[in-house]
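So you can see what is in the structure, the chains are spelled out below.
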Amino acid sequence: MLWEQKVEFAAKSDIGFRRQNNQDSYGIHLAPDAEAFHQRGHLFLVADGMGGHAVGELASKMAADSIPHSYQKLQNLPIDEALEQAIIEANTGINTRGRQNHDFLRMGTTLTALVLSPAGAIAGHVGDSRLYRIRDAHIEQLTFDHSLQWELLKQGQMSAEEIFLYEPRNVITRCLGPEAHVEVDIEGAHEILSGDIFLLCSDGLTGLLDDNEIGTIARELPPAEACQLLVHLANLRGGPDNITVVIVRVNAPVGDIATPPPRPRYDDSGGLSWGWGLALSLLSIVLAIGVPLTLMGLRTALNYLLAPGLTLLGLAGIQIILMVWIWWNQRRERAKAPPVSAPKGGPYRYAEANMTRKLVGQLATIEHDLQQSAIEEGWTVDWKSYGTAYRDAKSSLERQQFSPALRSYGKVIDFLMSGLQSHRRSRAHAAKWGIPPREQSLPADTNGD
């Protein structure tokens, strides 16, 4: 990556619908100049704390505050070693603080950090928060979940179906703080191309949205709008946990800097199609049968001896061609969505991140249900702005323009979610103080129809 490749970024952290406090933290630290960038790059991180009361909140905040400070001080170390050492020092600080107070004992936090540097993208990781890279129409998970489910997958003793059906999702096997020593995964350096999007998030997001949804929304929307919509969707699916997401888009270089053009990582056009397989098989059959028959037609003793051998050779050729063809196509399928692999070998998972009518249709359904609730319960909504965005969304969807429709539905849902959050605050205030929430009169033309 070059200093001239500026980054566009946004972050959002939300308490969710069921937690009393937000135990997530995040950090964004951009290099102020070219020299600082070449030495240490840009640093982004997400931490998800755990522990009763404010303990998890303290642990994640300590990680978010101490890691950038330590990382910048370790100027004599390469980027990957400095990042690892900074995370280890954060673990020591959290562990020490936890042992000083019985209420803080075994407090901990996950940590996923990303450095964008001239050497590429380097990640430091402990826990089950995640780092993704979105490129072209695919999303790649660059970190390995330190969770019971993923560890069982790595061992290969149970099928993925059994693991995800019977084993709890939220049991992590590694985090910062509880133990005096911690093993840190350092991943990369991964290649960075213009247009790449990196996304860091806590499991409050990934537990409720699949990779396809995350990748498509991050790819299609500006970072701030993508963060907002992703958090809204997680909340609308229950919001049982805190939700934090950081999105970073790497832009093309500013000025006349010569860089290689972005190239696709995946090429589905290079496989052997059924047509090629059939053609090669027919050619082998012709050679296996036609050539021996021709030789036998010459009616010489030598040719009678050669014909069976050539037939067997031709049949063996057919078998080899079919085996190679099957292997090649299986290889293509595995490249599209390989299973979880062992640590320190990422990317660990791939998924499509294509814009589809299905995704926009889901947003349209969510919007409709939210609108009905807003009308029935009297939420305070900016109905005028809502109506404009709704008409844009509906018109784009009717014209099969899915990307503009996604953006417009994101705005519509944002208006409605603002009303829902206000309504929830009013109800909480009424429950605490006995004052009923203020009623909101609704215009008749809420749809803009």
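Residues numbered from 1 in each chain as written. Predicted model: local features only at pLDDT ≥ 70, side-chain atom pairs only at ≥ 80, totals over all residues. Heavy atoms only, no water.

Details of the overall build of the protein chain
The condition is simple: Strands are runs of DSSP state E lasting at least 2 residues, helices are runs of H or I lasting at least 4, and numbering of each runs from the N terminus. Exposure is judged per residue with a 1.4 Å probe applied to protein chains only, and the accessible area is read against the type maximum: over 50% gives exposed, under 20% gives buried, and values in between give partly exposed. Between two residues, a contact is recorded if the distance between any of their heavy atoms is within 4.5 Å.
Check the secondary structure of the protein chain and you find 13 helices and 12 strands. Out of the 449 residues belonging to the protein chain, those deemed buried represent 46%. Long-range contacts, defined here as pairs at least 24 residues apart, represent 73% of the contacts in the protein chain between residues at least 6 apart.

Topic: the sheet that holds strand 10 (residues 197-201)
To be explicit about the condition: The pairing criterion for strands is at least two bridges between them, as found by DSSP. Fitted lines through C-alpha atoms serve as axes, helices being fitted only where they are in contact, and the angles separating the N-to-C directions of these axes extend from 0 to 180 degrees.
Read from one edge to the other, the open sheet built from six strands follows the order 1-11-10-7-8-12, with strand pairing classed as antiparallel. Each edge of the sheet is formed by a strand with only one pairing partner; in this case those strands are strand 1 (5-14) and strand 12 (349-352). Here the average twist between neighbouring strands, direction ignored, is 20°. Here strand 7 (residues 130-135) runs beside strand 8 (residues 138-141); their pairing, made up of four bridges, is antiparallel. Note that in strand 8 the partner of Tyr132 across the bridge is Gln141. In this fold helix 7 (residues 211-220) packs onto strand 7, strand 8, strand 10, strand 11 (243-253) and strand 12, with an angle of close to 60° to the strand it touches most, strand 7.

Quick look at the environment of Asp196
To be explicit about the condition: As used in this structure description, the phrase polar contact means that two N or O atoms lie within 3.5 Å; if the pair is within protein, one of them must be able to donate a hydrogen and the other to accept it, and residues adjacent in sequence are counted only when both atoms belong to side chains.
Checked against the element boundaries, Asp196 lands in the loop between strand 9 (185-190) and strand 10. Between the C-alpha atom of Asp196 and that of Arg133, which follows or precedes it by 63 residues, the distance is 6.8 Å. With near-sequence residues (within four places) excluded, Asp196 lies in contact with Arg133, Ile134, Arg135, Glu191, Val248, Arg249 and Val250. A distance of 2.8 Å separates a polar atom in the side chain of Asp196 from the backbone nitrogen of Leu193.

Topic: the environment of Pro68
Within the secondary structure, Pro68 sits in helix 2 (residues 55-73). Under the relative-accessibility criterion, Pro68 is labelled buried at 7%.

Structural notes on helix 3 (residues 79-100)
Note the threshold: How far a helix is expected to stretch is found by multiplying one less than its residue total by 1.5 Å.
The end-to-end C-alpha distance of helix 3, which contains 22 residues, comes to 32 Å, matching closely the 32 Å that a straight helix rising 1.5 Å per residue would cover. Regarding helix 3, the residues found buried are Ile79, Ala82, Leu83, Ala86, Ile87, Ala90, Asn91, Ile94, Asn95 and Gly98. In this structure, the buried side of helix 3 is in contact with helix 1 (34-40), strand 3 (42-50), helix 2, strand 4 (108-109), strand 5 (111-117) and strand 6 (120-126).

Some thoughts on the pattern of salt bridges
Threshold: Each reported salt bridge corresponds to a side-chain nitrogen of Lys or Arg within 4 Å of a carboxyl oxygen of Asp or Glu.
Applying the stated criterion across every chain yields a total of 15 salt bridges. With its nearest N and O atoms 3.2 Å apart, the salt bridge here joins Glu151 to Lys154. Of this pair, Glu151 and Lys154 are both found in helix 4 (residues 148-155), three residues apart, which corresponds to roughly one turn of the helix. Between Glu220 and Arg219 there is a salt bridge whose closest N-O contact spans 3.3 Å. Note on Glu220: relative accessible area 23%, which makes it partly exposed. Of the residues examined, Arg219 reaches a relative accessible area of 29% and is grouped as partly exposed. Counted as one network, the salt bridges with shared partners bring together Arg130, Asp145, Asp211 and Arg349.

Some points on the packing of helix 7 against helix 8 (residues 223-236)
The following threshold applies: We call two directions roughly parallel when the angle between them is under 35 degrees, roughly antiparallel when it is over 145, roughly perpendicular when it lies between 65 and 115, and oblique otherwise. Two helices that cross are described as forming a left-handed crossing if the nearer one is turned anticlockwise from the farther one by less than a right angle, and a right-handed crossing if clockwise. Only Asp, Glu, Lys and Arg are considered charged, only Ala, Val, Leu, Ile, Met, Phe, Trp, Tyr, Cys and Pro nonpolar, and every remaining residue, Gly among them, polar.
Orientation of helix 7 relative to helix 8, taken along the N-to-C sense of each, is 150°, at an axis distance of 9 Å. Comparing their axes, helix 8 and helix 7 come out roughly antiparallel. Of the two possible hands of crossing, helix 7 and helix 8 adopt the one that is right-handed. Residues Glu213, Ile214, Ile217 and Ala218 of helix 7 touch helix 8, and the partners they reach there are Ala226, Leu229, Leu230 and Leu233. Its residues placed into classes, the contact of helix 7 with helix 8 shows seven nonpolar, no polar and one charged.

Description of helix 8
The first and last C-alpha atoms of helix 8 sit 20 Å apart over 14 residues, in line with the 20 Å expected at 1.5 Å per residue. Of all 14 residues that make up helix 8, 10 are buried, and the element is covered over most of its length. Along helix 8, the positions that sit buried rather than exposed are Pro223, Ala226, Cys227, Leu229, Leu230, Val231, His232, Leu233, Ala234 and Asn235.

Details of the pairing of strand 7
Counting buried positions over the six residues of strand 7 gives six, a clear majority of the element. In strand 7, alternate side chains face the same way, and those of Arg130, Tyr132 and Ile134 on one face and Leu131, Arg133 and Arg135 on the other are all buried. Linking strand 7 back to strand 8 in an antiparallel pair, the connection comprises two residues, with Asp136 at a positive phi of about 55°.

A closer look at the packing of aromatic side chains
Quick reminder of the rule: We call Phe, Tyr and Trp rings a pair once their centres come within 6.5 Å, taking the six-membered ring for Trp, and we label the pair stacked below 30 degrees between planes, edge-to-face above 60, and tilted otherwise.
The tally for this structure, following the rule as stated, stands at six aromatic pairs. Ring geometry for Trp3 and Phe37: centres 5.8 Å apart, planes at 50°, overall tilted. Note that Trp3 is positioned in the segment before strand 1 and Phe37 in helix 1, a separation of 34 residues in sequence. In this structure, Trp3 and Phe37 share a single accessibility class: buried. Between Trp383 and Tyr386, the aromatic rings sit 5.2 Å apart at their centres with planes inclined by 80°, giving edge-to-face as the arrangement. Linking Trp383 with Tyr386, this pair stays in helix 12 (residues 383-398), spanning three residues, or about one helical turn.

Some remarks on the side chain of Asp241
With respect to the helices and strands, the residue Asp241 is situated in the loop between helix 8 and strand 11. Of the residues examined, Asp241 reaches a relative accessible area of 14% and is grouped as buried. Here Arg19 takes part through its side chain, which lies 3.4 Å from a polar atom of the side chain of Asp241. Once residues within four sequence positions are removed from consideration, Asp241 is found in contact with Ile15, Gly16, Arg19, Asp48, Asp203 and Gly204.

Details of the nonpolar core
Side chains of a nonpolar character, in soluble globular proteins, are inclined to be buried together. Let me state the cut-off plainly: Buried Ala, Val, Leu, Ile, Met, Phe, Trp, Tyr and Cys residues form a nonpolar core when they are joined through side-chain atoms within 4.5 Å.
Counting 49 residues, the largest nonpolar core has Leu199, Leu205, Leu230, Val245 and Ile247 as its most contacted members. Among the elements of the structure, strand 7, strand 10, helix 7, helix 8, strand 11, helix 11 (357-377), helix 12 and helix 13 (402-433) are those that each provide at least two residues to this core. If you tally residues by element for this core, the top one is helix 13, at nine residues. Contacts of Leu230, omitting those with residues within four sequence positions, involve Leu199, Leu205, Leu209, Glu213, Ile214, Ile217, Val245 and Ile247.

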